[in-house]
Amino acid sequence: MAMETLLLQSSPIFTSKWTPHIKLLSSSSTSIKQHRRRSCNVVKLKAVSKDGSSSSSLRNSKDGVLLDTEKDESGSVVGFRFIPQSLDDTEISNDTSINDKEEQAIMDDDLGDRRRAEVTYNIVFVTSEAAPYSKTGGLGDVCGSLPIALAGRGHRVMVVSPRYICGGPSDKKFAAAVDQDCRIKVSCSGGVQDVAFFHEYRAGVDWVFVDHPSFHRPGTPYGDAYGAFGDNQFRFTLLCHAACEAPLVLPLGGYTYGEKCLFLANDWHAGLVPVLLAAKYRPYGVYKDARSIVVIHNLAHQGVEPASTYSNFGLPPEWYGALGWVFPTWARTHALDTGEAVNILKGALVTADRILTVSQGYSWEITTPEGGYGLNELLTSRKTVVNGITNGIDVNEWNPSTDEHIPSHYSLDDLSGKIECKIALQKELGLPIRPDCPLVGFIGRLDFQKGIDIILSGTPDLLQDDVQFIMLGSGEKQYEEWMRAMEGTFKDKFRGWVGFNVPISHRITAGCDILLMPSRFEPCGLNQLYAMRYGTIPVVHETGGLGDTVKTFNPFADEGRGEGTGWAFKPLTRECMLDALRVAIETYRKHKPSWRGLMKRGMERNSSWDNAAVQYEEVFKWAFIDPPYVS
């Protein structure tokens, strides 16, 4: 007899791809809640066999017994209780300690990582970019990797981002996404917009793409060669409205995510999500059990527009105060300028249940006048719900023992391949092949934030020493021209690669001895994490995530065996940067055992996303302790 399984309309304890593997529904499970009816999320309940055929009646089988049906208040059947006949792998429990806040994931052992979270959630990431579909920086990396790590721990995870179509080769990234034939209407910007959804199930995650003509244009997610798109406020307002509807209307894997969701709104592009939950849904009894967390990747970008654009958001007039913003006098354009504006990120910080940053150091910096960009007082007032969690990295992509981009593999147990990577890099870039010469590298944008002006002022002095220096990046034209000029002046010591190239970034990370990162501010930073994994020693400005992850070397600690993973200097000055570099170079030349200790401690550091996911789960629990935000 073919094994019969059940398609359930909505239940927080099953994920969309698990229904063919249901083993146990214990008597302690909570009843299935019926969600709002939508024209595109009606799911018929029936028994489905493995070969796809259905039967009109449910019956006992060798695989289990149907106990009874579950009905809602109107008497409609919304689910079934199913007990497996064979208890080889599971035991029926009469434990009634599980409450509404504890939704246990039940799945086969062959699905994902065995280390499951004790409490699981329906998580909805809302983001303007998610790798590999779209990416301009760290935001895309985070929203492309963290959801997979959380899904591997048993959570049901959806990522909602735009479907960027530009008519080029990058469109192939969305080729596997299927039109869900579900259309919604969004009222904003003085009209009604038709929005569609595409979906791909990959790596245990539901990747949902919001489709609208405003996302179909050449350029980056935010602009093109002429600058930022003038309708970005409109485009990301659509994203937020669609993201709030997606858990209610998309029957992914046979049933919707429902109303008890945890929304993670990333940066200002998703900042309207917590505002919409509070202003549009909860007053009508929808999402009353949902929670929202705003994740700040870079506070410098806040989604600020003229106050007159408030009507574009599709929010009630009385909610203007949540987003209302006034520029300080010095920032106004003229004497008659009142400075009135709307600030999307400010609205998110006011209405979100919790606030996260991408490192502990940055969570403190944003409460200071220097790092708060005008929002420091608001963030200080909410400091009890502000936390920082350092980003992880893709330890499969960034692995010196398997990296396809580097010429020789190596590991903590056998570092011989690293010197071969160094020689190959020197040869590739036309530098003299000198394995014993300290090789310093820089990878990043050529702009003020990354401290390029400090590098520019200090490099001539640095190159008076017997060192080699390699830079990879693009940005401001003046810095690109400076790199070219330095190559002509220091032909045997300096190389500058204008642009960005993924394979060469891997080879620089593997081949260099030292990675320099003098960023003015760095919410998290990833290059220092990559460097440590590859046994390359970071020299960084002690700010944000750089200060959290790079501990300054102390040769006298641990009974003379030393501690630390690099050098973190402050303040950010030319002299401090050069002093730190010279100490690092001297250690490399004269104290080989200490240098090997630095390499070892960096390579041993756990920078995986699974480690970060555990910390995120703690914040998730805290978010559900208090009631949701209401005005």
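Calculation criteria
Residues numbered from 1 in each chain as written. Predicted model: local features only at pLDDT ≥ 70, side-chain atom pairs only at ≥ 80, totals over all residues. Heavy atoms only, no water. UniProt positions renumbered as here; feature names shortened; annotations may be inferred. Salt bridge = Lys/Arg side-chain N within 4 Å of Asp/Glu carboxyl O. Buried < 20%, exposed > 50% of the residue type's maximum accessible area, 1.4 Å probe, protein only. Helix = DSSP H or I, 4+ residues; strand = E, 2+ residues; numbered from the N terminus. Pairing = 2+ DSSP bridges. Axes fitted to C-alpha atoms, helices over the stretch in contact; angles between N-to-C directions. Contact = heavy atoms within 4.5 Å. Parallel < 35°, antiparallel > 145°, perpendicular 65-115°, else oblique. Left-handed = near helix turned anticlockwise from the far one by under 90°. Polar contact = N/O pair within 3.5 Å; in protein donor to acceptor, adjacent residues only side chain to side chain. Nonpolar A, V, L, I, M, F, W, Y, C, P; charged D, E, K, R; others polar. Right-handed = clockwise from strand over helix to strand, strands pointing away. Expected span 1.5 Å × (residues − 1).

- As recorded in an unreviewed UniProt entry, the protein chain goes by the name Starch synthase, chloroplastic/amyloplastic, listed as coming from Centaurea solstitialis.
- As its UniProt record puts it under Catalytic activity (unreviewed entry), the protein chain is described as follows: "[(1->4)-alpha-D-glucosyl](n) + ADP-alpha-D-glucose = [(1->4)-alpha-D-glucosyl](n+1) + ADP + H(+)".
- Per UniProt, the protein chain carries the Sequence similarities (unreviewed entry) text "Belongs to the glycosyltransferase 1 family. Bacterial/plant glycogen synthase subfamily."

Section: the pattern of salt bridges
- One pass over the structure, following the stated rule, counts 21 salt bridges.
- A salt bridge links Lys135 to Asp141; its shortest N-O distance comes to 2.9 Å.
- Note on Asp141: relative accessible area 18%, which makes it buried.

Points about unusual backbone geometry
- The omega angle of the peptide bond from Ala131 to Pro132 is 5 degrees, so this bond is cis rather than trans.
- Note that Pro132 resides in the loop between strand 6 (122-126) and helix 1 (138-152).
- Lys570 connects to Pro571 through a cis peptide bond whose omega is 0 degrees.
- Tracing the backbone shows Pro571 in the loop between strand 25 (567-569) and helix 15 (574-590).
- The phi angle at Ser189 is positive, at roughly 55 degrees, despite the residue not being glycine.
- Structurally, Ser189 is set in the loop between strand 8 (178-188) and strand 9 (191-202).
- Positioned with a positive phi, Tyr287 is a non-glycine residue whose angle comes to about 60 degrees.
- Looking at Tyr287, the relative accessible area reads 0%, which means it is buried.

Re the sheet that holds strand 14 (residues 291-296)
- Taken in spatial order, the nine strands line up as 8-9-10-7-6-13-14-18-19 in an open sheet, and their pairing is mixed. Pairing within the sheet leaves two strands with one partner each, and these edge strands are strand 8 and strand 19 (386-388). In this sheet, neighbouring strand axes are inclined to one another by 25 degrees on average, regardless of whether the strands run parallel or antiparallel.
- Of the pairings in the sheet, the one linking strand 6 to strand 7 (residues 156-162) comprises five bridges and is parallel in character. Counterpart to Phe125 in the pairing with strand 7 is Val159.
- Along the sheet face, helix 1 touches strand 6, strand 7, strand 9, strand 10 (205-211) and strand 13 (261-266) and points at about 140 degrees away from the line of strand 10.
- Across the face of the sheet, helix 2 (residues 232-249) comes into contact with strand 6, strand 7, strand 8, strand 9, strand 10 and strand 13 while running at roughly 120 degrees to strand 8.

Looking at the environment of Tyr281
- Considering the arrangement of structural elements, one finds Tyr281 in helix 3 (residues 272-281).
- Taking the relative accessible area as the measure of exposure, Tyr281 reaches 3% and is therefore buried.

Focus on the sheet that holds strand 17 (residues 340-343)
- Spatially, the three strands line up as an open sheet ordered 15-17-16, and their pairing is antiparallel. Two strands lie at the open edges of the sheet, namely strand 15 (304-306) and strand 16 (324-326), each paired on one side alone. Ignoring strand direction, the axes of neighbouring strands in this sheet form an average angle of 45 degrees.
- Examined bridge by bridge, strand 16 and strand 17 share three bridges and lie antiparallel to one another. Bridge pairing links Gly324 to Val342 in strand 17.
- Along the sheet, helix 5 (residues 344-351) contacts strand 16 and strand 17; its crossing angle with strand 17, the most-contacted strand, is approximately 60 degrees.

Regarding the packing of helix 8 (residues 416-429) against helix 11 (residues 502-511)
- Closest axis-to-axis distance for the helix 8/helix 11 pair is 8 Å, and the angle between their directions is 125 degrees. Taken together, helix 8 and helix 11 sit at an angle that is classed as oblique. Handedness of the crossing formed by helix 8 with helix 11: left-handed. Contacts between helix 8 and helix 11 involve Lys418, Cys421, Lys422, Leu425 and Glu428 on the former and, on the latter, Ile504, Arg507, Ile508, Thr509, Ala510 and Gly511.

A look at the side chain of His241
- Within the fold, His241 resides in helix 2.
- A polar side-chain atom of His241 sits 2.9 Å from the main-chain carbonyl oxygen of Phe313.
- Not counting residues within four places of it along the chain, the set of residues in contact with His241 comprises Val186, Ser187, Leu276, Lys280, Tyr281, Phe313 and Gly314.

Overview of the packing of helix 3 against helix 5
- Two elements in contact, helix 3 and helix 5, have axes whose closest approach is 7 Å; the angle formed by their N-to-C orientations is 55 degrees. In terms of orientation, helix 3 and helix 5 fall into the oblique class. Judged by the twist between their axes, the crossing of helix 3 over helix 5 is left-handed. For the pair helix 3 and helix 5, contact is made by Leu272, Pro274 and Val275 and by Ile344, Gly347, Ala348 and Thr351, respectively.
- Along the lines of polarity and charge, the residues of the contact of helix 3 with helix 5 split into five nonpolar, two polar and no charged.

A few points about the pairing of strand 24 (residues 537-541)
- With five of five residues buried, strand 24 is to be regarded as a mostly interior element.
- Burial along strand 24 is two-sided: Ile537, Val539 and His541 facing one way and Pro538 and Val540 facing the other are all buried.
- Both strand 23 (residues 514-517) and strand 24 contribute to a ladder of four bridges, which runs parallel. Of the residues in strand 24, the one forming a bridge with Met517 is Val540.
- Note that the unit made of strand 23, helix 12 (residues 527-533) and strand 24 has a crossover that is right-handed.
- One ladder, built from three bridges, connects strand 24 with strand 25; its direction is parallel. Residue pairing in the sheet places Val540 in a bridge with Ala568 of strand 25.

Some words on helix 15
- With 17 residues, helix 15 should cover 24 Å at 1.5 Å per step; its first-to-last C-alpha distance of 24 Å lies within 8% of that length.
- Residues of helix 15 that are buried include every one of Met577, Leu578, Ala580, Leu581, Ala584, Ile585, Thr587 and Tyr588, and no others.

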